[in-house]
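Chain by chain, the residues:
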Amino acid sequence: MMQEKLSSRLLSDKNLVTALEVFVAIAETRQVTRAAKLLGITQSAASQQLASLEEACDARLVDRSVRPLRLTQAGELCLRHAQRILNSIEDLATSMRHEGPRPISVLRVGMLASIATTLTPPLVNLTKADFGVEDLTLHAGQSGDHEALLRSKRADLVVTSNPFYDMDGLERHDVLTETFLLVLPERYRGPSGSLSDILDNLPLVRFAATTSVGRRTEQHLRRLKLAVPRVIQADRSSMVTACVAQGLGFTILTPSLLIDGFVEQMPLSLRPLPAASFSRSITVVARAGELGNLPERVAHMAAQSLTDQITRQMGPVGREALSLP
């Protein structure tokens, strides 16, 4: 019965594919709210799409009485069909996008906002000159944005700080690993032998706890048993470094997050952390097997471009914080 109704709706309802995409996102995240955020729609819109699909299937697909949400037996069956349908549609879309005089004619790329300016020119040159890409779309954002782009299949490739090991069907290529550094106002002359000494004189300007960098920093501070009040938080590195440059506090960031601040010649002083260090990695992530050796080439280009820019702007302190694969 469910398959008959779905077959009928597939022929008549152009919105059913969207409903399937929403359902798969809900099934993967076990939350309507999180699924809606990943797909860039409202929670009410996601709920409406789920209700529409349940009507088409004539079955309850999600058990809403438990948290996190759980699929019903019908939901598990629908999920298998939905994944197969969406994969077939994406295979078709990919084949059509890549149909042209060269193997890859259309490419959609997501990049970390902090490195987008550095990587955009060499990325454009590489993809157009060596791979014949004619239509290139670039998105700058954070790793959470990249997750949404990959899950909704609105990006073919991302340069990100999260390898998304929980997602299947992806290939990953290491770019570099970078250590977090202490960033002080250039004119700061107070004690800096420990983070506690600095905190007695300056507040910590940090990434918001909703960001990947903010969470990593918070975890590290807890490991050091430092209770640091959230005085100034932002979700862009340029906002953080601007506050530090004006003497409003200090921060803890990686070299790639500091590029724009140094390009703008902000008065910043870099030092190794006066405590146990921590790091993050940048990775090129793409859907497996769709782009040939392009993801690997992009990873190599990104490593070289970032290393050159960081060395040029930050000198030995920045370069020594980098580790290449």
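Described in the following lines is the structure provided in the data block. (Residues numbered from 1 in each chain as written. Predicted model: local features only at pLDDT ≥ 70, side-chain atom pairs only at ≥ 80, totals over all residues. Heavy atoms only, no water.)

Moving on, we get to the overall build of the protein. When helices and strands are tallied, the protein shows 12 helices and 13 strands. Each of the three principal axes of the protein carries a C-alpha extent, and together these read 75 × 55 × 30 Å. A burial count over the protein gives 49% of its 325 residues as buried. Across the protein, contacts joining residues at least 24 apart in sequence account for 74% of those joining residues at least 6 apart. The averaged location of the 34 negative side-chain charges in the protein is 5 Å from the averaged location of its 36 positive side-chain charges. (Helix = DSSP H or I, 4+ residues; strand = E, 2+ residues; numbered from the N terminus. Buried < 20%, exposed > 50% of the residue type's maximum accessible area, 1.4 Å probe, protein only. Contact = heavy atoms within 4.5 Å. Lys, Arg positive; Asp, Glu negative; His and termini not counted. Charge placed at Lys NZ, Arg CZ, Asp CG, Glu CD.)

Moving on: the packing of helix H11 (residues 255-263) against helix H12 (residues 294-320). With their axes 10 Å apart at the nearest point, H11 and H12 run at an angle of 85° to one another. Judged by the inter-axis angle, H11 sits roughly perpendicular to H12. Every residue of H12 that contacts H11 at Pro255, Ser256, Leu258, Ile259, Phe262 and Val263 is listed here: Leu306, Gln309, Ile310, Gln313, Met314 and Gly318. Grouping the constituent residues of the contact of H11 with H12 by class yields eight nonpolar, four polar and no charged. (Axes fitted to C-alpha atoms, helices over the stretch in contact; angles between N-to-C directions. Parallel < 35°, antiparallel > 145°, perpendicular 65-115°, else oblique. Nonpolar A, V, L, I, M, F, W, Y, C, P; charged D, E, K, R; others polar.)

So, on to helix H2 (residues 16-29). With 14 residues, H2 should reach 20 Å at 1.5 Å per residue; the first-to-last C-alpha distance of 20 Å fits that figure. All of the buried residues in H2 are Leu16, Ala19, Leu20, Val22, Phe23, Val24, Ala25, Ile26, Ala27 and Thr29. Note on H2: the residue one or two positions beyond its end, arginine 30, has a positive phi of about 60°. (Expected span 1.5 Å × (residues − 1).)

A word on the state of the cysteines. As enumerated under the stated definition, the model contains zero disulfides in all. You can see cysteine 57 has no disulfide; the closest cysteine sulfur is in cysteine 78, sitting 4.0 Å from it. Looking at cysteine 57, the relative accessible area reads 1%, which means it is buried. A relative accessible area of 1% means that cysteine 78 is categorised as buried. (Disulfide = S-S within 2.5 Å.)

All right, on to the nonpolar core then. Residues Leu157, Val159, Val175, Leu195, Phe250 and Val298 are the most contacted members of the largest nonpolar core, which totals 64 residues. Considering each element in turn, this core owes the most residues, nine residues, to H12. Ile26, Val32, Leu61 and Ala82 belong to the second largest nonpolar core, which has 26 residues in total. (Core = buried A, V, L, I, M, F, W, Y, C linked by side-chain atoms within 4.5 Å.)

Comment: phi is negative for the bulk of residues other than glycine, and the bulk of peptide bonds are trans. Geometrically, the link from arginine 67 to proline 68 is a cis peptide bond, its omega value of 0° lying close to zero. Note that proline 68 resides in the loop between strand E1 (62-63) and strand E2 (70-71). Backbone geometry at lysine 225 places phi at a positive 60°, although glycine is not the residue there. The class of lysine 225 is exposed, set by a relative accessible area of 75%. Not every positive phi belongs to a glycine, and glutamine 265 is a case in point at roughly 60°.

Overall, the coordinates contain one aromatic pair when judged by the stated rule. Relative to phenylalanine 278, the ring of phenylalanine 180 lies with its centre 4.0 Å away and its plane at 10°, an arrangement referred to as stacked. Of this pair, phenylalanine 180 sits in the loop between strand E6 (170-179) and strand E7 (181-185) while phenylalanine 278 sits in the loop between strand E11 (268-272) and strand E12 (279-287), and the two are 98 residues apart along the sequence. Accessibility assignment for this pair places phenylalanine 180 and phenylalanine 278 in one class, buried. (Phe/Tyr/Trp six-rings, centres within 6.5 Å; stacked < 30°, edge-to-face > 60°.)

Here we come to the pairing of E6. As paired strands, E6 and E12 are joined by nine bridges and run antiparallel to one another. Considered in E12, the bridge of aspartate 174 is made with threonine 283. Pairing of E6 with strand E13 (residues 322-323), which is carried by two bridges, proceeds in the antiparallel orientation. Along E13, the bridge assignment pairs threonine 177 with serine 323. (Pairing = 2+ DSSP bridges.)

What follows covers the pairing of strand E3 (residues 106-112). E3 sits mainly inside the fold: seven of its seven residues count as buried. One ladder, built from seven bridges, connects E3 with strand E4 (residues 135-141); its direction is parallel. Along E4, the bridge assignment pairs methionine 111 with alanine 140. With respect to chirality, the unit in which E3 leads through helix H6 (residues 113-131) into the neighbouring parallel E4 is right-handed. Bridge analysis of E3 against strand E5 (residues 157-160) gives three bridges, and the strand direction is parallel. Of the residues in E5, the one forming a bridge with glycine 110 is valine 158. (Right-handed = clockwise from strand over helix to strand, strands pointing away.)

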